[in-house]
Structures are given as structure tokens and as C-alpha cells.
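Spelled out, the chains give:
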Amino acid sequence: MEIVVFGAGSLGSLVGGLLAQVHDVTLVTRSAHADAIREHGLELTGEFETVVHPEVTTDGSDLAADLAVVAVKSFDTETAARTLSTGRFDAVCSLQNGMGNEATLETHLDAPILAGTATYGAVRREPGVVDCTGLGEVVLGAHDGGPSPVADRVGTAFDAADLETTVADDMPRRLWEKLAVNAGINAVTALARTENGAVLERPAIEIARTATREAARTARARDVSLSNREALAAMTSVAERTATNTSSMCQDVRAGRRTEIDAINGFVVDGAEATGLEVPTNRVLTALIRTWERGQGIR
Ligand code: KPL
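Residues numbered from 1 in each chain as written. Predicted model: local features only at pLDDT ≥ 70, side-chain atom pairs only at ≥ 80, totals over all residues. Heavy atoms only, no water.

**A word on the site of the ligand**
Residues in contact with the ligand, as listed here, are Asn97, Lys178, Asn182, Asn186, Asn196, Val238, Ser247 and Ser248. Within the contact set of the ligand, an oxygen atom lies 3.0 Å away from a side-chain nitrogen or oxygen of Lys178. Surface burial for the ligand is 93%, taken as the share of its 280 Å² of free accessible area covered by protein chains. In terms of residue count, helix H6 (residues 171–192) provides more of the shell around the ligand than any other element does, 3 residues in total. Considered class by class, the residues forming the shell around the ligand number 1 nonpolar, 6 polar and 1 charged. (Near = heavy atom within 4 Å. Polar contact = N/O pair within 3.5 Å; in protein donor to acceptor, adjacent residues only side chain to side chain. Areas by Shrake-Rupley, 256 points an atom, 1.4 Å probe, with all protein chains shown as cover. Helix = DSSP H or I, 4+ residues; strand = E, 2+ residues; numbered from the N terminus. Nonpolar A, V, L, I, M, F, W, Y, C, P; charged D, E, K, R; others polar.)

**Side note on the nonpolar core**
Ranked by size, the top nonpolar core spans 41 residues in total, and within it Trp176, Ile185, Val199, Leu226 and Met249 carry the most contacts. Broken down by element, this core gets its largest block of residues, 11 residues, from H6. Filtering out sequence-adjacent residues up to four positions away, Leu226 remains in contact with Arg173, Trp176, Glu177, Ala180, Ala216, Ala219, Arg220 and Ala231. Core analysis: the second largest hydrophobic core is formed by 36 residues, Val25, Cys132, Ala151 and Phe158 among them. (Core = buried A, V, L, I, M, F, W, Y, C linked by side-chain atoms within 4.5 Å. Buried < 20%, exposed > 50% of the residue type's maximum accessible area, 1.4 Å probe, protein only. Contact = heavy atoms within 4.5 Å.)

**Regarding the domain arrangement of the protein chain**
In terms of domain boundaries, the protein chain breaks down into domain 1 (2–169) and domain 2 (172–296). For domain 1 versus domain 2, the distance between C-alpha centres works out to 23 Å. Between domain 1 and domain 2, the contact holds 26 residues from the first and 21 residues from the second. Each partner contributes to the roughly 1900 Å² buried at the junction of domain 1 and domain 2, and carbon and sulfur atoms together form 57% of this total. Interface area lost by domain 1 to domain 2 is led by Phe75, Asn97 and Met99, which between them contribute 35%. At the boundary of domain 1 with domain 2, the tally comes to 1 salt bridge. With its nearest N and O atoms 2.9 Å apart, the salt bridge here joins Lys73 to Asp252. Contributions of two or more residues to the side of domain 1 that touches domain 2 are made by strand E8 (113–118), strand E9 (121–126) and strand E10 (129–134). It is E8 that provides the largest number of residues to the side of domain 1 that touches domain 2, a total of 4 residues. Along the lines of polarity and charge, the residues of the side of domain 1 that touches domain 2 split into 10 nonpolar, 13 polar and 3 charged. (Domains from an automatic or database assignment. Buried area = accessible area lost by both parts, 1.4 Å probe. Salt bridge = Lys/Arg side-chain N within 4 Å of Asp/Glu carboxyl O.)

**Regarding the sheet that holds strand E3 (residues 42–46)**
An order of E4-E3-E10-E9 is seen for the 4 strands of this open sheet, with the pairing classed as mixed. Unpaired on one side and paired on the other, strand E4 (50–52) and E9 mark the two borders of the sheet. Put simply, the sheet's adjacent strands are angled 25° from each other on average, direction ignored. Across 4 bridges, E3 lies against E10 in parallel orientation. Across the sheet, Glu43 pairs through a bridge with Val129, a residue of E10. Across the face of the sheet, helix H1 (residues 10–19) comes into contact with E3, E4, E9 and E10 while running at roughly 95° to E9. The sheet contacts of helix H2 (residues 31–40) involve E3, E4, E9 and E10, and relative to E3 the element is tilted by about 95°. (Pairing = 2+ DSSP bridges. Axes fitted to C-alpha atoms, helices over the stretch in contact; angles between N-to-C directions.)

In C-alpha cells:
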């Protein structure tokens, strides 16, 4: 399959690198990473030890492929969608954190839009090198739910590349479940500059569990069937499996970069507000991360 991976941060590089083992992959990424990959290939370390040689470009315009995987930060989805709209793709799959990405892609692109979640731990160590710090899984399917032959084909292509993949027909619910996981783990670990496992222990566990429960309650208020028990079990399982990993938000804060707070805890706050719910823990986490971003001059 010909695949364009748009955005080669930690997760995009890992997914793109694994896909490149068996598919024709083009990575769209920034220049330092692109130069290193052109020169030495893309090195995967940790759970996978291999070097692959995908095509690489810094210009995502006018590309054509069977599939575009969008792996940019949620606040860059609009730009990615506009750029991808200059090319031709049979399907587009979002593999991003946060909510609202698929709606943005759908506004600009004609191809079927798939939603995906990924729970692999990944850290880009240096240009050209990505470390898989924890095995996880990809879940993907039609973004608005229901069966999808396109999703089946993409699932088969991912599986063939060592990416453990489940094709699901209830993606709206799965996206809320992943949102509840990220709402519990990301901001807490970013504020405490600590690894994911910290949310399994006191005192962080109370904050993480409350943020996750609030997200599940917000999902239910929006007619998504996600119990507190299911959301907490998902959050705990991801935190256990990625206990020694650094969440993407903690990586962003450590690197002084803008975070995805608006699409994670901020999305819970907005969603709750629209249905008259109170989500005080998500509100505090959102305010603290936004305050940090403001202090850094990145908001
Ligand atoms: O999605 C993640 C992230 O870091 O953004 C998890 C699953 C929490 C892995 O760290």
C-alpha cells in the first residue's frame, strides 16, 4: 500500500517507521528529522530494533497515495487538512490525541475519514531516531461509527506492519474512552514532570481518576455510552502498560512546546459546559497548563 504519514513526531515516526517495513511510505516532517532520515534512514529502537528507509519530504502538497495517516498535533490539524487537500488520497486516517480532528479533516477532504487511537509509547530521541518505549495497540474505524470496508483494508495493512490493530465499528465511543485516558494521564504527568506510572499512586491517583471520571460523565451527557468503570479501567490499563513512559504532554512541556490541552482536558471542560455539568478537576488542569503555556509565550 502507498501511505503518506503526515507529521513525524514521536508517534508519527514510530507508526511511519513500522509501516515502512512492508509498505511504500512517505513521511512529511520538519527539515532536521527529514535530513537525518535521508542520510541514515529512520532508526527504531526499544521494543523494535530496525532501520527503515521511507521517502521523506518537508512539503506535504500535491501528494497522492492509497492512505494518508495524519499524526500532527491537534492544533495543526487544520493546516494539515488544507495541505492534504492539494493531493489525492483514497482514505485518510487520523491517529491523533484529542477530539474534533476528524471533523476538521472532513471539512477539507473528500476521501473517507477514519478515526484512530494509538496507545504505543514513543519518544523521538534525536533527528532520525525514535524509541518505542511501550507496546500498545491501534484501534481504527469509520469516524462516525458503523462497518467500513476501507477501515478493514487499513487494519490489515497496519497488522502486516507489526502494528497491533483492532478495527472497530464504535469509534465515537472509543475516541471518548481514549479522551478519558488522556484526560487522566497527560496533564497530571506534564504538571508533575513525571512518568505515566505516577498516576497509579497516591497522591496523583486521585486527580487522575477524578479527571477520567469527569470525562466519562461528559461523554454520557453527550449520549456516548461510557461508564466510569470502563473509563477508569482503560486509564489504569494504559498507565500500567506505559508506566515508565513519558506522556506526549509531558514531552511537550519538557521541550517548552505548545501542548494539546485544548483538545483534551479543555475539550472536556467545553463539552461539560455545553451540557450544564461541572468538571472542576479538568478545569483546574486546563487552567494550569494554559498558565504554563502563557508563561512560555506559546499561547
Ligand atoms: O496517548 C498517550 C499520550 O502520551 O499522549 C498515552 C497513551 C497516555 C501514552 O503516553
